[in-house]
Amino acid sequence: MNLLNKFMNMDRRWIYIITTICVIVPFIKPIGLPTYTTPPVKNLYDKVDNTPDGQAVLISLDFDASTLPELYPMAVTILKHCFEKNIKVIITSLYIQGVGIAQIALEDVKREFPDKKEGIDYTFLPFVIPQLSLVILGMGEDIHKTFPKDYYGTSIDSLPMMKEIRNFDQISVAISLAAGAVSRSWITYANQRYGASVAAGVTAVMAAENYPFLQTKQLIGMLGGLKGAAEYETLVEKKLNIKTRKAACIGMDAQSAVHIMMIVFIILGNIAYFVARRKK
Amino acid sequence: MSHDPWIWIAVFFTFCIFSFLYKDNPFYRFAEHLLIGVALGYQLPIFWKNVVGPKVILPLQNHEYWLIIPLCLGFLWLARLIPKYAWLSRWPMAFSLGTGAGIAIPLSLQASVFRQMQGTMLTKAMLSPSITPVIHIIGNIVMFVGVITTLIYFYFSVKHVGAVGKVARVGIWYIMLAFGATFGYTVMARVSLLIGRFQFLLHDWLGVID
């Protein structure tokens with residue numbers, strides 16, 4: 001009974017300490033748990049991989065620093081995939097803070113692909129207005145009018161890769177890496193209004209909400225949280241043989257360890273609760 | 001260990017935020033306030049450079065004077081600061097609500113209601129083992145039952161007794177399963193953020209992992 005009381009009244013800081021240990025130990029002694037690819041991730045990979053000539057992949061980094069650990073590895077991996085396969089990329093953000101993150105991601109990936117040139121292999125579009133629905137609708141009409149200049153101040157009309165890209169008709173897939181409900185705006189305005197292929201990379205919190213849109217094919221693919229990012233990293237490594245640091249995969253052991261810890265605590269907590277109730 | 005001073009600053013603020021796990025303290029509050037200040041400070045110049053400059057000042061310099069109308073409408077938002085003229089702020093609010101609703105409602109209805117209803121409807125092909133794998137057929141039936149029973153649970157014009165009560169009970173089970181899935185994903189998301197910070201500490205700062 002004494003032990004039961006102690007357990008039921010355990011200081012929450014003990015749980016924090018155990019969580020910390022569960023995160024740190026797998027980093028230092030990796031277990032190497034396997035990551036299986038799920039259909040939503042494979043669908044997105046295939047869609048990006050089969051981008052035809054004359055089209056581009058649009059990546060919108062619609063998040064800020066608070067969700068960086070989940071969404072940043074997605075941005076980096078998709079960019080690597082596109083650069084490795086010589087697929088043209090348009091990078092943008094509907095969040096003010098996302099533009100800075102997009103610039104860091106681009107610089108990170110360009111270190112591995114130094115031959116990629118702005119305006120030829122990729123175009124970096126700046127933040128234009130805070131009304132994200134209007135930006136998406138504007139892109140559906142004419143990207144050149146919505147973004148007269150790129151992030152570096154160069155006229156969009158003068159960029160070679162943008163000469164043939166005017167709207168979503170020349171975008172093979174628009175990928176929204178979103179922390180909030182921004183991916184829903186891409187579905188509503190880009191997919192519903194213009195028939196664009198839309199995919200989402202979302203935080204795990206948002207993943208469950210997005211599954212209905214996969215079922216109706218309004219989303220052609222989805223990366224859900226760190227797990228989704230790890231799956232894409234694994235696919236890129238296996239299929240394209242790119243050997244680089246896999247930030248999401250490295251974290252998956254720790255993720256699994258904490259999940260096991262949570263399951264154990266939930267079971268123990270329930271047992272303790274029912275035993276205590278019976279004793280009353 | 002890193003020699004980059006920016007990494008050390010980031011480490012200091014990481015520990016400031018982590019210190020809240022022990023208890024509330026001035027270091028945590030300092031980091032929290034600084035975050036809000038920095039975020040606002042970061043946004044203002046970008047907003048000025050990318051929005052106000054090219055969308056307002058430059059066109060006005062090019063004699064596009066019609067922009068004065070939306071500009072004045074925008075300034076009316078500030079009327080809320082003067083109680084006597086606060087009612088003037090209803091005009092831009094009405095304009096924003098009107099245009100926003102006009103753009104959003106038809107498309108949102110189509111994307112989130114009609115397409116979802118369409119996706120829930122069972123067709124002959126969705127139930128035919130020669131066209132659809134058996135596991136997907138089961139999934140389609142489970143989804144169909146889930147949507148109907150959940151909708152019945154939220155239909156409050158009839159008492160939830162008898163047959164309706166039993167169907168609504170099934171709806172509750174579906175809702176509980178949805179809560180469970182959402183909670184599981186939420187745990188995963190929060191742990192991912194913690195993992196991200198520890199990756200930063202162990203990789204970028206201490207350099208003890210690859």
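Residues numbered from 1 in each chain as written. Chains lettered and ligands numbered in written order. Predicted model: local features only at pLDDT ≥ 70, side-chain atom pairs only at ≥ 80, totals over all residues. Heavy atoms only, no water.

## Here's the deal with the side chain of Glu-233 of chain A
Residues and elements named next belong to chain A.
And then number 1: Structurally, the position occupied by Glu-233 is in helix α10 (residues 225-240).
And then number 2: Take Glu-233: its relative accessible area is 7%, and that puts it in the buried class.
And then number 3: Of the polar contacts made by the side chain of Glu-233, one reaches the backbone nitrogen of Ala-248; its length is 3.1 Å.
And then number 4: In this structure, Glu-233 is in contact with Pro-73, Thr-77, Lys-246, Ala-247, Ala-248 and Cys-249, ignoring residues within four places of it in sequence. (Helix = DSSP H or I, 4+ residues; strand = E, 2+ residues; numbered from the N terminus. Buried < 20%, exposed > 50% of the residue type's maximum accessible area, 1.4 Å probe, protein only. Polar contact = N/O pair within 3.5 Å; in protein donor to acceptor, adjacent residues only side chain to side chain. Contact = heavy atoms within 4.5 Å.)

## Here we look at the pairing of strand β4 (residues 171-178) of chain A
Consecutive side chains of a regular strand alternate in pointing toward one face of the sheet and then the other.
Residue and element names in this part refer to chain A.
And then number 1: The buried count for β4 comes to 8 of 8 residues, which makes it a mostly enclosed element.
And then number 2: Pairing of strand β1 (residues 56-62) with β4, which is carried by 7 bridges, proceeds in the parallel orientation. Note on β4: the bridge partner recorded for Val-57 is Val-173.
And then number 3: Where β4 and strand β5 (residues 198-202) come together, 5 bridges link them in parallel fashion. Its bridge partner being in β5, Ser-176 is matched across the sheet by Ala-200. (Pairing = 2+ DSSP bridges.)

## Concerning the interface of chain B and chain A
Much of the literature gives interface size as the accessible area that the parts lose upon coming together.
And then number 1: At the junction of the two partners, chain B supplies 41 residues and chain A supplies 55 residues.
And then number 2: Surface buried jointly by chain B and chain A totals about 4100 Å² across both partners, of which 67% is contributed by carbon and sulfur atoms.
And then number 3: If you sort the residues of chain B by the area they bury against chain A, Arg-115, Tyr-185 and Met-188 of chain B come out on top, with a joint share of 14%.
And then number 4: Where chain B touches chain A, the interface holds 0 salt bridges. (Buried area = accessible area lost by both parts, 1.4 Å probe. Salt bridge = Lys/Arg side-chain N within 4 Å of Asp/Glu carboxyl O.)

## Some remarks on the pattern of salt bridges
All names here are of chain A.
And then number 1: Under the defined criterion, the tally for this structure stands at 10 salt bridges over all chains.
And then number 2: In this structure, Asp-46 engages Lys-42 in a salt bridge whose closest nitrogen and oxygen atoms are separated by 2.9 Å. One end of the pair is Asp-46 and the other is Lys-42, both in helix α3 (residues 39-49) and 4 residues apart, which spans about a single turn.
And then number 3: When its relative accessible area of 28% is taken as the criterion, Lys-42 is described as partly exposed.

## Considering the sheet that holds β1 of chain A
All names here are of chain A.
And then number 1: Ordered by their spatial adjacency, 6 strands build an open sheet running β3-β2-β1-β4-β5-β6, and the pairing between neighbours is parallel. At either end of the open sheet lies a strand with only one pairing partner, and these are β3 (122-124) and β6 (222-224). In this sheet, adjacent strand axes meet at a mean angle of 15 degrees when their direction is disregarded.
And then number 2: Each of β1, β2 (88-92) and β3 touches helix α5 (residues 96-110); the most contacted strand, β3, lies at about 150 degrees to it.
And then number 3: Taken strand by strand, helix α9 (residues 204-215) contacts β5 and β6, and its axis lies near 155 degrees from that of β6. (Axes fitted to C-alpha atoms, helices over the stretch in contact; angles between N-to-C directions.)

## Let's talk about the nonpolar core
And then number 1: Ranked by size, the top nonpolar core spans 69 residues in total, and within it Val-48, Leu-61, Leu-79, Ile-91, Ile-175, Leu-177 and Tyr-232 of chain A carry the most contacts.
And then number 2: Among the elements that make up this core, the one with the highest residue count is helix α4 (residues 68-84) of chain A (9 residues).
And then number 3: Each of two domains, domain 1 (2-30 + 255-279) and domain 2 (39-245) of chain A, supplies a minimum of three residues to this core.
And then number 4: Dropping the residues within four chain positions of it, Ile-91 of chain A is found in contact with Ile-59, Leu-61, Leu-79, Ala-102, Leu-106, Tyr-122, Thr-123, Phe-124 and Leu-125 of chain A.
And then number 5: Core analysis: the second largest hydrophobic core is formed by 42 residues, Leu-58, Met-161 and Ala-174 of chain A together with Tyr-185 of chain B among them. (Core = buried A, V, L, I, M, F, W, Y, C linked by side-chain atoms within 4.5 Å. Domains from an automatic or database assignment.)

## Quick notes on unusual backbone geometry
And then number 1: A positive phi angle is found at Lys-217 of chain A, which is not glycine, with a value near 65 degrees.
And then number 2: Relative to the helices and strands, Lys-217 of chain A is located in the loop between α9 and β6.
And then number 3: Look at His-63 of chain B: it is not a glycine, yet its phi comes out positive at around 65 degrees.
And then number 4: Topologically, His-63 of chain B is positioned in the loop between α2 (26-61) and α3 (68-75).
And then number 5: Residue classification places His-63 of chain B among the exposed residues on the basis of a relative accessible area of 56%.

## Thoughts on the pairing of β5 of chain A
Residues and elements named next belong to chain A.
And then number 1: Burial runs high along β5: 5 of the 5 residues are buried.
And then number 2: Here β5 shows two buried faces, one formed by Val-198, Ala-200 and Val-202 and the other by Ala-199 and Gly-201.
And then number 3: Following the backbone out of β4, through helix α8 (residues 182-194) and into the adjacent parallel β5, one traces a crossover that is right-handed.
And then number 4: One ladder, built from 3 bridges, connects β5 with β6; its direction is parallel. For Val-202, the partnering residue across the bridge sits in β6 and is Gly-224.
And then number 5: For the handedness criterion, the β-α-β arrangement of β5, α9 and β6 is classed as right-handed. (Right-handed = clockwise from strand over helix to strand, strands pointing away.)

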